[in-house]
Every structure is written in structure tokens, then in C-alpha cells.
Amino acid sequence: MEKKSRVLIIGATGNLGYHLAQFSLQFCHPTFILVRDSAFTDLIKLQKINTLCHAGATAVRGSLEDEKSLVEAVKLVDVVICSIPSKQVLDQKLLIKAIKRAGCIKKFIPSEFGADPDKTQISHMDYNFYSRKSEIRRLIEAEGISYTYICCNLLMRYLLPSLIQPGLETPPRDKVTVFGDGNVKGVFMKDEDVAAFTICTIDDPRTLNKALYLRPPGNVYSMNELVEIWESKIGKKLEKIYVPEDQLLMKIKETPYPDNMILIFIYSVFIKGDHTYFDIESTGGVDGMQLYPQLKYTTISEYLETLV
């Protein structure tokens, strides 16, 4: 049996990062987690660190601001996975420098875990949200670092708990707002499932220098279809209020940043179709559902069932 790669996970105390570390351990990879000093004074983060270490992970002190600590941490492993928040993606620049300096990394999986930043069609209005991710991609490629990009589209904990109703925390039971004509499809994935697919790519040569796309059949739906699923769960028809593209654009313009970002993401996904307007084969990327058919995942229907 081939030796499993040693993995360094950065951001292991975050939502997705914690699951990445758990699956890395579960799939028998020697797992290291980069921990900054401040994490030890945060009770929630400390609990996660202790749980992971008890499960077999090795905590390594360091931070994305300290190149020396990064080089030392990177030299311990074969693969680096970063899962820091999207707004901090440019903080990976020093990490890329450290990976290049260490010269031992077989693969870097940068912090993406959303829509493909090179495929989104809203670069003029997203306050550089996606261009920053593309900037990191170009830097990785320019340095000749081997990579896999994970394009999982939307995480279920974002937008889906309200059935894509900005301002609500739970799905509506009387009226529902539908953006555009309601027929453009978006994709949602649960954090745990994204983590499992990501860890599967670590030693898979088919994913080397590729983007891995996750579009499970049970998780690709339009707003009209999402409303239908929800109506079937609660046994009731909802009054639908359609908001056309021009009205949504006006609302985005009138809403100050960063409060308008949720509307911008809705525009990107359910008006422009940024998750589904292209086929995976044309990108040169790979389809995670074809590569790892053995992996079980939570469907949108199953997720909505928990909200009834």
C-alpha cells in the first residue's frame, strides 16, 4: 500500500478547516495543524486543537505573517492545505514564498472552496472578492508550485438556511422572494462533504494541477426548484414574489458594502449562473463526482429536512 502524504492544514480551527483536519486523520494521513499563539487563549479554538491532537494531529506553532515559522512547518510535510476565510486570501502570499523556499511540497491546495474565480462574471461589482483568489492562483502557477483548486460553489451554511432570503435566518413559510426568473441553477455543498472530497485529492495524480469541481446531482437546483422542495417539506404552497435582474441590481447599488455582498452572490449564482453556465470538461478541470463516486454527500433535500 502506497505511503500516505503528510499534510499541513492551515485554518484548522475554522468551520471547514476543522473538517479537513478530521478527514485527513480519518483517511490515515499524518496530519499537522498550524496554530498561531492567540488560538491557545481562545476557548473554542483551543477545544478544537485539543480534540484534533487527541485524534492524532500534531500542532505546530506559526502564523501566515511569520515566514520562518511557515518554512519550518512546511518542511514537515508533503502537502499543504489552506482554509483561511476568503477575505484573507492574499495572506497566502508569504505561504507561497515559504512553499517555494522549502522545495519539498508535492501539492498545495489554496483557500478557494467556492465558485471558480476564473469563471465568475461579476468582476466589475464584487469588490475584488474573486480577483484576489485569481491573483493567488497566478502566483502559485508562476512559482511552478503543484496545486489542486477546489471549486465547491456555495457552502450549505451560507444562504440555504434561509432559502436564499436575505435578512431571514430560517426558511419562509408564507411568502418567498425569487430572484430573476427562478430557473438558473446554483450548487450547494456541506462543509464536511467538501472536506472529504478535498482529502481524497491529496495523493490522486488525476487532480494534479487541476481544478476539482463539485456538482452533485442532488445539490444543483434553481430557486424555483428549491421552493418546490421546501413546499413539499412543509406541505404548503408559498406566495412567490419575483425580483427581476434590474431590480436586484438597483438593490445592490443602494445597499452599502459589505451588506450588499449577499445580494452580489445571489446575482452571481441565480442570475448570471456562475456555478453552472459552463461544462466542467471545457475547463480542463475534473469532476469530483466522477472521480470519487464512493463518497456519500448530504443532498439539499436532506439538509432542508433538518430545517422543517
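Keep in mind it's a predicted model, so treat the numbers as computed, not measured.

Reading guide: rules and limits
- Residues numbered from 1 in each chain as written.
- Predicted model: local features only at pLDDT ≥ 70, side-chain atom pairs only at ≥ 80, totals over all residues.
- Heavy atoms only, no water.
- Helix = DSSP H or I, 4+ residues; strand = E, 2+ residues; numbered from the N terminus.
- Rg over C-alpha atoms; globule rule 2.2 N^0.38 Å.
- Buried < 20%, exposed > 50% of the residue type's maximum accessible area, 1.4 Å probe, protein only.
- Contact = heavy atoms within 4.5 Å.
- Areas by Shrake-Rupley, 256 points an atom, 1.4 Å probe, with all protein chains shown as cover.
- Lys, Arg positive; Asp, Glu negative; His and termini not counted.
- Charge placed at Lys NZ, Arg CZ, Asp CG, Glu CD.
- Domains from an automatic or database assignment.
- Buried area = accessible area lost by both parts, 1.4 Å probe.
- Salt bridge = Lys/Arg side-chain N within 4 Å of Asp/Glu carboxyl O.
- Polar contact = N/O pair within 3.5 Å; in protein donor to acceptor, adjacent residues only side chain to side chain.
- Pairing = 2+ DSSP bridges.
- Right-handed = clockwise from strand over helix to strand, strands pointing away.
- Axes fitted to C-alpha atoms, helices over the stretch in contact; angles between N-to-C directions.
- Phe/Tyr/Trp six-rings, centres within 6.5 Å; stacked < 30°, edge-to-face > 60°.

Asks: Let's hear about the overall build of the protein chain: which residues, and what values?
Replies: Each helix and strand in the protein chain was counted, giving 12 helices and 13 strands. For 308 residues, the compact-globule formula gives about 19 Å, and the C-alpha radius of gyration of the protein chain, at 20 Å, lands near that figure. Counting all 308 residues of the protein chain, 55% fall into the buried class. Restricting the contact set of the protein chain to residue pairs at least 6 apart, pairs at least 24 apart contribute 80%. Carbon and sulfur atoms make up 51% of the accessible area of the protein chain, which amounts to about 14100 Å² in all. Across the protein chain, the mean location of the 37 positive side-chain charges is 4 Å away from that of the 38 negative side-chain charges.

Asks: Just give me the short version of the domain arrangement of the protein chain, but keep the residues and values in it.
Replies: Parsing the protein chain into structural domains produces domain 1 (7-154 + 189-215 + 276-293) and domain 2 (158-184 + 219-271). On a C-alpha basis, the centroid separation for the pair domain 1 and domain 2 is 29 Å. Summing both partners gives a buried area of about 1100 Å² for domain 1 against domain 2, and 81% of it is carried by carbon and sulfur. By the criterion of area lost to domain 2, the three top residues of domain 1 are M125, Y127 and L154, representing 52% of everything that side buries. At the boundary of domain 1 with domain 2, the tally comes to zero salt bridges. Inspection of the domain 1/domain 2 interface yields one residue pair in polar contact (both at pLDDT 80 or more).

Asks: Please provide a residue-by-residue account of unusual backbone geometry, values included.
Replies: The residue after Y257, namely P258, is reached through a cis peptide bond having omega 5 degrees. With respect to the element layout, P258 can be found in the loop between α8 (245-254) and α9 (261-270). Despite not being glycine, F113 has its phi angle at roughly 50 degrees, a positive value. Along the chain, the position of F113 falls in the loop between β5 (107-109) and α5 (129-142). Given a relative accessible area of 8%, F113 falls into the buried group. One non-glycine residue, N153, adopts positive backbone phi at about 70 degrees.

Asks: Describe the pairing of strand β2 (residues 31-35), and please don't skip the residues or the numbers.
Replies: For β2, the tally of buried residues reaches five of five residues, placing the bulk of the element in the interior. The alternating pattern of β2 places T31, I33 and V35 and F32 and L34 on opposite faces, both of which are buried. Sheet topology note: the strand β1 (residues 7-10)/β2 ladder contains four bridges and is parallel. Looking at β2, one finds that L8 is bridged to F32. Crossover connection from β1 via helix α1 (residues 15-26) to parallel β2: handedness right-handed. Regarding the hand of the β-α-β motif, the stretch spanning β2, helix α2 (residues 43-54) and strand β3 (residues 58-61) is right-handed.

Asks: Any details on the environment of Q121? Residues and values, ideally.
Replies: For Q121, the location among the structural elements is in the loop between β5 and α5. By relative accessible area, Q121 is classed as partly exposed at 31%. Each C-alpha atom of the pair Q121 and K4 lies 38 Å from the other, and the pair is 117 residues apart in sequence. Residues contacting Q121, with those up to four places away along its chain left out, are K272, D274 and Y277. Here K272 takes part through its backbone oxygen, which lies 3.1 Å from a polar atom of the side chain of Q121. Separated by 2.6 Å, the side chains of Q121 and D274 make a polar contact.

Asks: Outline the sheet that holds strand β9 (residues 185-189), supporting the account with residue identities and numerical values.
Replies: Spatially, the three strands line up as an open sheet ordered β7-β9-β11, and their pairing is mixed. Two strands in the sheet have a free side with no partner beyond their single neighbour: β7 (154-155) and β11 (220-222). As defined by bridge partners, β7 adjoins β9 across two bridges and the pair is classed as parallel. Opposite L155, over in β9, you have M189 as the bridge partner. Helix α6 (residues 191-200) rests against β7 and β9 of the sheet, and its axis sits at about 80 degrees to β9. Across the face of the sheet, α9 comes into contact with β7, β9 and β11 while running at roughly 115 degrees to β9.

Asks: Could you give an account of the packing of aromatic side chains, with specific residues and numbers?
Replies: Under the defined criterion, the tally for this structure stands at 11 aromatic pairs. With a centroid separation of 6.3 Å and an interplanar angle of 80 degrees, the aromatic rings of Y130 and F265 are classed as edge-to-face. One end of the pair, Y130, is in helix α5; the other, F265, is in helix α9, with 135 residues separating them in the sequence. For the pair formed by Y130 and F265, the shared burial category is buried. Ring geometry for Y158 versus F265: centroids 6.0 Å apart, planes at 85 degrees, classification edge-to-face. Separated by 107 residues along the polypeptide, Y158 in the loop between β7 and β8 (175-179) and F265 in helix α9 bring together distant segments of the chain.

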